[in-house]
Amino acid sequence: MAEAADFPGLTPSLARRWFRRAGVLLTGAPLLAGLLQLPAGQPAYAAGSDPVVVSLNSLTPSAPTDGDTLTVSGTVTNKGKKAVTDAHVDLRVGQLLTTRSGIDDVAARTDYVSGADGTEVGGKYVEKFSKLTPGVTQPFTISVPVDKLDLGQDGVYQIGVSLSGETATAPYEQVLGIQRTFLPWQPEEADTRTRTTYLWPLISTVHMTAETGPGEQQTPVFLNDDLAAEISPGGRLEQMLSLGKGLDVTWVIDPDLLASVDAMIGSYGIQGADGTSTPGTGQAVAKQWLAELQDAVEGKEVVALPFGDPDLASIAHNGKNVTGTLSHLKSATDVATDTVETILHVTPSTDFAWPVNGAVDPSIVKIATSAGADKVIARSDSLKETGDLPYTPSAARPIGGGTTAVVADTRLSTAFQSDMTRAGSSTLAEQKFLATSLTTTLQTDKQRTVVVAPQRMPSASQAQTMEKAITALQDSNWSESQELTASADTKPDPGATTKVPSASSYPATLRRQQLPQSAFSQIATTQDKLDNFKVILTDKTRVETPFGRAINREMATSWRGRSGEAISFRRGVESHLNELTNQVKLIEKSETKLSGGSATIPVTVQNNLVQPVDNLVLRVTSTNPTRLKIGDDDYQEQSVAVTGGHSQSVKFTTSSNANGPITVIAQLYTKDGQKYGPAVSFDVRVTEFTAMAMLVIGGGFLLLVLAGLRMYTQRKRAAARRAEEPGDGHEDEATEENADGENHDGDESRPKGEPEATAQADAPEQPSDPTPNTAPESADPSGTGERVDR
């Protein structure tokens, strides 16, 4: 932002303190002059070769005023091979830095440069060491009244903490190590304060899956229990909350984080590698974290991102032409307000879109505003200044179409992105942040707004450093806090750039991290399957909510740099949806025997879901309708409704006019005509009796009757011969009577003297076995040689 033209503004206090500053200003001589003042014998070390490492672990107060005492502490470590003797640590007040680029230059230097690093404060404000042994680290602390530093006009001063001493090879005093930092000096309230907005992001990676427990409670299942660690004492998100609640900041929240923590309050599971889940243990910390967050945001500005924090640049560059992608973005925005209001009991602003690192191009802006946002949080290294403004302009810029770009300051926004676990790094970052802020204020007497948009997911140590810097800034004499909405509504500077950079200017490093088009294609496939599944459900919310939110998470910004995890998550969502849809299916059938010209064929639909399903149509089709008809045509359809956890057999009428196997295909459809699940095919074998077969059977029966008559005639003849033989008349009468078989067992229906054979031949035929030839209805798969109802 016109950094080459940065210059300090003048304040009314300048004349009042002029004489006091005159000596200090002399230390701002050019670097060349400093080099010419190198004392004879002073060794010239290569960059980064100072034998002693000086670490500055704390500097308090960060922005002193009149009457304060400046205290610096840290350590010195002799990394050389020779001992250092007669050593002491001293403070050096360097030149007044008038531009933000000048601050960057000083921060980039490593080794001591005589003249450029100022003069020692000296006197009693030193700490002495008789000897520094190689490899040994020793602490130091120096306290000096600010008025002893002879600071001049308001602004930023270079402060050096140096160690001087002697070595055996160079037995004279010399500077053997130095650490530089910056001292913001604004002892009185600035004539015009800068209005500063600091975004405080509560965003995490994806934790919840689409999977839920089978019961009515639908117990959520998480990828892991990392979120419980993040919100536990000392965790990253616990630190963000506990540190942020004492600051005057704008909270920027991903509603997915709130929904995930809220889901942990009840029972939840942790996904296992074998497909099972184990109980999560973060209920107590989840409840406490949400309660503290509700208190922290009360009365504060809350900006809600679309649910899941979708990657706007990935959508703009790779996803916008895939069917359904923009509707997912819209749904993510719509659900954001309800989620925040329900859980935090505050109404958030959903007017802001935040692309990754504030990098924008025309397509990103278009996508960012397509879901309803009319403000885009950009960054000054993307929306660069091209005019002649001699100062950093206010954040708000109209970029056309009723859209406002809120341009965050790059230097301030990236101040805490490095490793802040070491105290030395944290202190230097804090001081540079404050120095940059003050220099920005002193550029002009014109009041401006500055927005700071840090990294999306600061670490715990980064959050701690941010909190210290913001606290010092809010207590300073040159800055005052302002909400993001107010900064966006500020009247823009007339000379500030409003031209959105072209697509070719989008950083290549960010482009390589984007979700590919294949990711959005897979999301579209999953959505199609979900839409087809919902048609048959009586309670659609059981899948709409978990899968709808999971699809939002598939587009999350947090997948950048984690392509493998992103692919695994998308596959997991689709796989679980397939598992659910397969719970409603047709039972496989083996060959079915049809004995006769017509019969019914049962086909079984199984529903292993916990809820009933309807809006299903079962179609059974004959592949050879000239031999086997289903109903009156080649196929027949019937509506199907099955209660949860049950099966339903549906019977279809068939008619055949030929023997042999015919293949039949059963297929489920939704009411809107979409196929549901795989088809089931089975053979129907027809075994109908023909006319020739009846003739053969009739002929066999006639032969049996004739054989019986012949046997009867032979018996009669044998009885007559026995009657002609001599013997007892009574015996012959009885024998003849028995042989004739007359009136046995009280049979009086036959007229006396009528032959028995004639009576038996004329008797009516007995009825056949009325038992049906179809096996009882069963939900189990049909066995081999299954018979069907006549």
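Participant: Which parts of the structure should I look at to understand the sheet that holds strand β11 (residues 220–222)?
Facilitator: Picture the strands of a sheet paired through backbone hydrogen bonds; they go either parallel or antiparallel. One open sheet accounts for four strands, arranged β10-β11-β13-β14; its pairing is mixed. Across the chains shown, the open sheet's two edge strands, defined by having one partner strand only, are β10 (208–212) and β14 (277–279). Averaged over all adjacent pairs, the angle separating strand axes in this sheet is 40°, with direction ignored. In the sheet, strand β13 (residues 269–271) pairs with β14 via three bridges, with the strands oriented antiparallel. Paired with Ile270 across the strands is Thr278, a residue of β14.

Participant: Can you walk me through the confidence of the model for the chain in this structure?
Facilitator: Detail in the predicted coordinates should be disregarded across regions flagged by low pLDDT. Residue-level pLDDT values for the chain average 85, and 83% of them are 70 or greater. Below a pLDDT of 50 lies the segment residues 1–48, which in the model reaches 97 contacts outside its immediate sequence neighbourhood of four places, other chains included. Contacts from residues 728–790, a stretch scored under 50 in pLDDT, to residues over four places away or in other chains number 67 contacts.

Participant: It is not clear to me how helix α18 (residues 541–553) should be interpreted in this structure. Could you clarify?
Facilitator: Because each turn of an α-helix spans 3.6 residues, side chains separated by three or four positions in sequence point in the same direction. The end-to-end C-alpha distance of α18, which contains 13 residues, comes to 18 Å, matching closely the 18 Å that a straight helix rising 1.5 Å per residue would cover. In terms of burial, α18 is largely enclosed, as ten of its 13 residues are buried. Every buried residue of α18 is accounted for by Arg542, Val543, Pro546, Phe547, Gly548, Arg549, Ala550, Ile551, Asn552 and Arg553. Check the buried side of α18 and you find it contacts β10, α7 (255–265), α10 (325–344), α17 (517–534) and α19 (563–581).

Participant: Even after reading the chapter, I still don't get the sheet that holds strand β2 (residues 69–78), so can you show me in this structure?
Facilitator: Ordered by their spatial adjacency, three strands build an open sheet running β1-β2-β6, and the pairing between neighbours is antiparallel. The open sheet is flanked by β1 (52–60) and β6 (137–145), the only strands paired with a single partner. Strand-to-strand twist across the sheet, computed as the mean angle between neighbouring axes with direction ignored, equals 20°. For β2 and β6, the ladder comprises nine bridges, and the chain directions are antiparallel. Paired with Thr75 across the bridge in β6 is Pro139.

Participant: What am I meant to see in the packing of aromatic side chains here?
Facilitator: For any two aromatic rings, the description comes down to two numbers: the centre-to-centre distance and the angle of the planes. Using the criterion set out here, one finds five aromatic pairs in the structure. An angle of 50° between the planes, with centres 6.5 Å apart, marks the rings of Tyr198 and Trp200 as tilted. Ring centres 5.3 Å apart and planes at 40° place the aromatic pair Phe416 and Phe433 in the tilted group. Residue Phe416 is found in the loop between α12 (410–413) and α13 (423–441), and its partner Phe433 is found in helix α13; the two are separated by 17 residues along the sequence. Note on Phe416: relative accessible area 0%, which makes it buried. Taken together, the ring pairs connect Tyr198, Trp200, Phe416 and Phe433 into an aromatic cluster. The cationic tip of Arg549 hangs over the ring face of Phe307; the distance from NZ or CZ to the ring centre is 5.5 Å.

Participant: Quick question: what am I supposed to make of unusual backbone geometry here?
Facilitator: Excluding glycine, most residues fall at negative phi; most peptide bonds, likewise, are trans. In this chain, Thr60 is followed by Pro61 through a cis amide linkage whose omega measures -10°. Positionally, Pro61 belongs in the loop between β1 and β2. For Asp86, which is not a glycine, the phi torsion comes out positive at approximately 50°. Note on Asp86: relative accessible area 51%, which makes it exposed. Positioned with a positive phi, Asn357 is a non-glycine residue whose angle comes to about 55°. Take Asn357: it is sitting in the loop between β16 (352–353) and α11 (362–370). Residue Asn357 is classed as partly exposed on the basis of its relative accessible area, which comes to 36%.

Participant: Can you walk me through the pattern of salt bridges in this structure?
Facilitator: Two side chains of opposite charge can pair, provided their charged atoms sit close to one another. This structure, assessed with the given rule, holds 24 salt bridges. Between Asp409 and Arg100 there is a salt bridge, with the nearest N and O atoms lying 3.0 Å from each other. Of the two residues, Asp409 sits in the loop between β19 (404–408) and α12 while Arg100 sits in helix α4 (residues 100–108), which places them 309 residues apart along the sequence. Accessibility expressed as a relative area gives 2% for Asp409, which makes it buried. The residue Asp256 makes a salt bridge to Arg553 at a minimum N-O spacing of 2.8 Å. Here Arg553 lies in helix α18 and Asp256 lies in helix α7, a separation of 297 residues in the sequence. The burial state of Asp256 is the same as that of Arg553; both residues are buried. The network of salt bridges with shared partners includes Asp104, Arg411 and Lys432.

Participant: Explain the nonpolar core here, please?
Facilitator: One recurring pattern in soluble globular proteins is that nonpolar side chains are buried together. Grouped together as the largest cluster of nonpolar side chains are 75 residues, with contacts concentrated most on Phe533 and Leu618. At six residues, α17 tops the list of elements feeding residues into this core. The contacts of Phe533, once residues within four sequence positions are left out, are Val543, Leu577, Leu580, Thr581, Leu609 and Tyr676. Counting residues in hydrophobic clusters, the runner-up holds 62 residues, among them Phe222, Ala286, Trp289 and Ala463.

Parameters at a glance
- Residues numbered from 1 in each chain as written.
- Predicted model: local features only at pLDDT ≥ 70, side-chain atom pairs only at ≥ 80, totals over all residues.
- Heavy atoms only, no water.
- Pairing = 2+ DSSP bridges.
- Helix = DSSP H or I, 4+ residues; strand = E, 2+ residues; numbered from the N terminus.
- Axes fitted to C-alpha atoms, helices over the stretch in contact; angles between N-to-C directions.
- pLDDT = per-residue confidence, 0-100.
- Contact = heavy atoms within 4.5 Å.
- Expected span 1.5 Å × (residues − 1).
- Buried < 20%, exposed > 50% of the residue type's maximum accessible area, 1.4 Å probe, protein only.
- Phe/Tyr/Trp six-rings, centres within 6.5 Å; stacked < 30°, edge-to-face > 60°.
- Lys NZ or Arg CZ within 6 Å of the ring centre and 35° of its normal.
- Salt bridge = Lys/Arg side-chain N within 4 Å of Asp/Glu carboxyl O.
- Core = buried A, V, L, I, M, F, W, Y, C linked by side-chain atoms within 4.5 Å.

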